[in-house]
Amino acid sequence: MSEAVRIALISGSLRADSGSTALLRTVAEVVEPEVVTARVYFGMGALPHFNPDDDFEPLDPAVAELRGLIAGADALLFSTPEYAGGLPGSFKNLLDWSVGGNEIVDKPTAWLNPAAPGRAEGAYAALRVVLGYTGARVVEEACVRLPVRRDAIDTEAGTVADPRVREGLRDAVAALVAAVKAERPAADPSAAGNPW
Ligand SMILES: Cc1cc2nc3c(=O)[nH]c(=O)nc-3n(C[C@H](O)[C@H](O)[C@H](O)COP(=O)(O)O)c2cc1C
């Protein structure tokens, strides 16, 4: 199995030309494949509404896919917009589904905030609180604000070309990778059946 650190990239936006998703797509573009295997998750829109009554085997396939992704990842990287002062409902729904399986517990986790300074404060404060409840381990050094202007998004590729943003992404990923490697012997989920 490859020594590359597996990072699941999860956007809180369903919008096709989302700045949050563009940042995460750009992460997948800037990482060195020998160091990081980055996988952008596009299944959020297929998740059912969270209902504890449905949190049993056999799980909805979209939920099983999400939990498999999280279980197989060494680390998680989120990026989300703010809606009405908080997290988008679909994203909170995803986070609620991440609780029951426990795959997220102790998982090194960080976020990339694409909003301009002073914006989206409520969403990222809420994300911190929710991740606290899920048991994810927030890697503070990897949590960064990297404002993305709409006109900086290459709509064809869905990525960000701005070299300062790309440098910021590399630094954030390096901090996340360092956190994973610091604890790797205990946390490495390499095992037969890992979908990564
Ligand atoms: C319904 C709605 C509510 C919004 N509420 C907020 C808000 O409370 N605070 C904020 O900073 N931006 C707010 N915005 C702006 C979005 O966060 C902004 O458009 C962001 O770029 C969307 O992220 P995305 O490009 O990743 O989809 C709102 C946008 C919409 C559509």
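Bear in mind the structure is a predicted one, so any value in this text is a computation, not a measurement.

Go over the environment of Arg170, please, and point to the residues and values.
Inspection of the secondary structure puts Arg170 in helix H5 (residues 163–182). For the pair Arg170 and Arg67, spaced 103 residues apart in sequence, the C-alpha separation works out to 26 Å.

Explain the packing of aromatic side chains to me, using residue names and the numbers behind them.
As enumerated under the stated definition, the model contains three aromatic pairs in all. Their ring planes at 85° and their centres at 4.8 Å tell us that Phe50 and Trp97 sit as a pair that is edge-to-face. Of this pair, Phe50 sits in the loop between strand S2 (36–41) and helix H2 (61–72) while Trp97 sits in helix H3 (residues 89–100), and the two are 47 residues apart along the sequence. Arg39 extends its terminal NZ or CZ atom over the ring of Trp196, reaching a point 4.6 Å from the ring centre.

Can you explain the site of the ligand? Please cite residues and give values.
Near the ligand, the surroundings consist of 13 residues, among which Ser13, Arg15, Ser18, Ser20 and Glu82 are the closest. The contact in question runs from an oxygen atom of the ligand to an N or O atom on the side chain of Ser13, over 2.7 Å. Separating an oxygen atom of the ligand from a side-chain N or O atom of Ser18 is a distance of 2.7 Å. Protein chains bury 60% of the 640 Å² of accessible surface belonging to the ligand in isolation. In terms of residue class, the shell around the ligand is made up of four nonpolar, five polar and four charged.

Conventions adopted
- Residues numbered from 1 in each chain as written.
- Predicted model: local features only at pLDDT ≥ 70, side-chain atom pairs only at ≥ 80, totals over all residues.
- Heavy atoms only, no water.
- Helix = DSSP H or I, 4+ residues; strand = E, 2+ residues; numbered from the N terminus.
- Phe/Tyr/Trp six-rings, centres within 6.5 Å; stacked < 30°, edge-to-face > 60°.
- Lys NZ or Arg CZ within 6 Å of the ring centre and 35° of its normal.
- Near = heavy atom within 4 Å.
- Polar contact = N/O pair within 3.5 Å; in protein donor to acceptor, adjacent residues only side chain to side chain.
- Areas by Shrake-Rupley, 256 points an atom, 1.4 Å probe, with all protein chains shown as cover.
- Nonpolar A, V, L, I, M, F, W, Y, C, P; charged D, E, K, R; others polar.

Shape descriptors only; they carry no functional weight alone.
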